[in-house]
Amino acid sequence: MGKLRIEAHVHNGRTVITDCFFTAPFKIVKPYYDKNRAEVMIMQASAGILEGDKYEVEIVVKSGASLMVTGQSYTKLFKMDSGYATQNVKITVESGASLFYLPCPIIPFGGSSFVSENEIHLQKGSEFIMQDILACGRKGMGEEFKFRKYHSRVVVYENERLIFVDNTRLIPKEYEYHKMGYFEGCSHQGVAYFYGRKQIKSINKSESITAAITNLRKGQILRILSDSGDRIVNYIKTYVEEENDGT
Amino acid sequence: MDLLSVKGIPITMNNQNILKLVQTLDPLFPIGGYTLSNGMETYVQKGIVYDYKTLAAYLDSYLYMLSFNDLAFAAKAYEVEDIAKLDLLCSSLKAPIEIRQGSIKQCSRFLKLHTKMNSYPRLIQYQNQIKNGECEGHYGISMGLFIKELNINLQEALELYCYSLISTAVNHAVKMVPLRQLDGQIAIYELMEHIPKAVTTAINTKMMDLGASGCGFDIRSMQHETLYTRLYIS
């Protein structure tokens, strides 16, 4: 049962974390600054996610504040018997605020079952980037698609009206996802959602990355297949680091 | 004049209603299915689909994906009352722009043709909701509403709808690769036995599972936007 709440405001022209609450296994370290953006790393005292674990994360970014939330290392979903673990993330980004939510890739071990619901509330005039990266398992150990279930939904609202839903639902006993249309022989998939950013016109070239971008009704989405989670992380970073001069 | 839709006459001639569905699903019904490859053109151009075997592999995944997408949207449209809410969810789930717009285009033509031939209240209402901006209009949803108006068995009707989606995909592949017509027909024939299960899955799909995507399918549909030569618009 882990809870985490972060609220960022602007104080004297600088983003400050005014409200920070967490329970084990969450920990966060003192934010550091890159230009005006406060960067917060979520640490996990435990080695990974276990059966029955329930995580609640809430992030609020108030008008004018700029925040980046990252993770410390890959999130491991350990073997579970018949139960599952859940994570609920609720994010609010006010007009004139900016949030980059870049959690680490997730590795589902054999037998794991995980359901994650991400509810994102954006106000017009905000900036938001989020990534969601998944490995097919512990490939190095020959464990591919041995988890029971991985279901992650990202539900995005703009001024309380639904604008985008990403639904990653994988139940390996239903289908062999290494095939065409799904992982296509790769070991990792990634998705990045961009809102309130300068339009990405063409994708960045990178070795061992199959990626494409499209325009959503609001914002853009980048999808990636690769044989390395790190490669996907670094690839998404190239877009995050691009200057944003439009909304 | 469509006698079956006259009030007071019970719809018992289901066979004729099945024929009406067959007409709508016929490739000759001009709603533009022949212009939409739904990513198939990328698969062929990139040399991923190039023979009978790779086409069969594509179809296998495509059928699985359909059971959470267009088949499920049709099943939900048949079931739920709040079509505007379903329509918004559908628009929000269809990420690749060409897939989303293709669905919207097909729906618009579908409704236009039907409202000229008949006057099914659910189709008229959906068309009005699109006109007033309440809905964007998606092909799968209009199909579900049409099946409901026809008062025919949902499972059987969706199996026919599914068949038409598969057969369209195969015809694209046969033209593009190119493949022998016979290979295309064998691919459909071999897949056919799995259609009922895919439809049952679609009917039982929970709202939470609706629109579950395949990363590969999405990427190929998105790559299609920037292919050097394009015969299809998706």
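- Chain A has the name Urease accessory protein UreD in an unreviewed UniProt entry, where Aequitasia blattaphilus is given as its organism.
- We quote the UniProt Subcellular location (unreviewed entry) comment for chain A here in full: "Cytoplasm".
- Quoted straight from UniProt, the Sequence similarities (unreviewed entry) entry for chain A says "Belongs to the UreD family."

Focus: helix α10 (residues 181–192) of chain B
Residues and elements named next belong to chain B.
1) Next: The terminal C-alpha atoms of α10 lie 17 Å apart, and with 12 residues this matches the ideal 16 Å at 1.5 Å per residue to within 8%.
2) Next: Where α10 is concerned, the buried positions are G184, A187 and L191. Taken down its axis, α10 places every buried residue within 60 degrees of arc, on the same side. Of the residues in α10, the exposed ones pointing more than 90 degrees away from the buried face are Q181, L182 and Y189.
3) Next: On the buried face of α10, the contacting elements are α3 (52–66), α9 (154–176) and α11 (195–204).

Some words on the sheet that holds strand β14 (residues 149–158) of chain A
Residues and elements named next belong to chain A.
1) Next: Pairing within the open sheet is mixed, and its 7 strands lie in the order β2-β1-β6-β9-β12-β14-β15. Each edge of the sheet is formed by a strand with only one pairing partner; in this case those strands are β2 (14–22) and β15 (161–170). For this sheet the average axis-to-axis angle between neighbouring strands, irrespective of direction, equals 10 degrees.
2) Next: Sheet analysis places strand β1 (residues 2–11) next to strand β6 (residues 54–61), joined by 7 bridges and oriented parallel. Bridge pairing in β6 places R5 opposite E58.

A word on the interface of chain A and chain B
1) Next: In this assembly, 25 residues from chain A lie in contact with 28 residues from chain B.
2) Next: Looking at the side of chain A that touches chain B element by element, the count peaks at 7 residues for β15(A).
3) Next: Residue classes in the side of chain A that touches chain B are distributed as 13 nonpolar, 7 polar and 5 charged.

Some points on the packing of helix α6 (residues 97–117) of chain B against helix α7 (residues 121–131) of chain B
Residue and element names in this part refer to chain B.
1) Next: Between α6 and α7, the shortest axis-to-axis distance is 10 Å and the interhelical angle comes to 130 degrees. When the axis of α6 is compared with that of α7, the two are oblique. Along this stretch, α6 crosses α7, giving a crossing that reads as left-handed. Across from L111, H114 and T115 in α6, the residues of α7 making contact are L123, I124, Y126 and Q127.
2) Next: Among the residues forming the contact of α6 with α7, the class breakdown is 4 nonpolar, 3 polar and no charged.

Points about the nonpolar core
1) Next: Counting 129 residues, the largest nonpolar core has A:Y193, B:L71, B:A74 and B:C162 as the members making the most contacts within it.
2) Next: The greatest single-element share of this core, amounting to 9 residues, is contributed by α9(B).
3) Next: Filtering out sequence-adjacent residues up to four positions away, B:L71 remains in contact with B:L66, B:L158, B:Y161, B:C162, B:A198, B:V199 and B:A202.

What about the environment of A:I17?
Residues and elements named next belong to chain A.
1) Next: For I17, the position within the fold is in strand β2.
2) Next: The class for I17 is partly exposed, based on 16 C-beta atoms found within 10 Å.
3) Next: Sequence-wise, I17 and V40 are 23 residues apart; in three dimensions their C-alpha atoms are separated by 9.2 Å.
4) Next: Setting aside residues no more than four positions away along its own chain, I17 makes contact with I6, A8, P31, A38 and V40.

A look at helix α5 (residues 83–93) of chain B
Helical periodicity: at 3.6 residues per turn, an α-helix aligns residues three or four positions apart in one direction.
1) Next: Within α5(B), 8 of the 11 residues are buried, which leaves it mostly tucked inside the rest of the structure.
2) Next: Turning to α5(B), its buried residues number three or more, namely B:I83, B:L86, B:D87, B:L89, B:C90, B:S91, B:S92 and B:L93.
3) Next: In the core, the buried residues of α5(B) are packed alongside β15 of chain A together with α4 (70–79), α6, α7 and α8 (139–150) of chain B.

Parameters and conventions
- Residues numbered from 1 in each chain as written.
- Chains lettered and ligands numbered in written order.
- Predicted model: local features only at pLDDT ≥ 70, side-chain atom pairs only at ≥ 80, totals over all residues.
- UniProt positions renumbered as here; feature names shortened; annotations may be inferred.
- Helix = DSSP H or I, 4+ residues; strand = E, 2+ residues; numbered from the N terminus.
- Expected span 1.5 Å × (residues − 1).
- Buried ≥ 20, exposed ≤ 12 C-beta atoms within 10 Å, placed from the backbone.
- Arc of directions from axis to C-beta.
- Contact = placed C-beta atoms within 7 Å.
- Pairing = 2+ DSSP bridges.
- Axes fitted to C-alpha atoms, helices over the stretch in contact; angles between N-to-C directions.
- Nonpolar A, V, L, I, M, F, W, Y, C, P; charged D, E, K, R; others polar.
- Parallel < 35°, antiparallel > 145°, perpendicular 65-115°, else oblique.
- Left-handed = near helix turned anticlockwise from the far one by under 90°.
- Core = buried A, V, L, I, M, F, W, Y, C linked by C-beta atoms within 7 Å.

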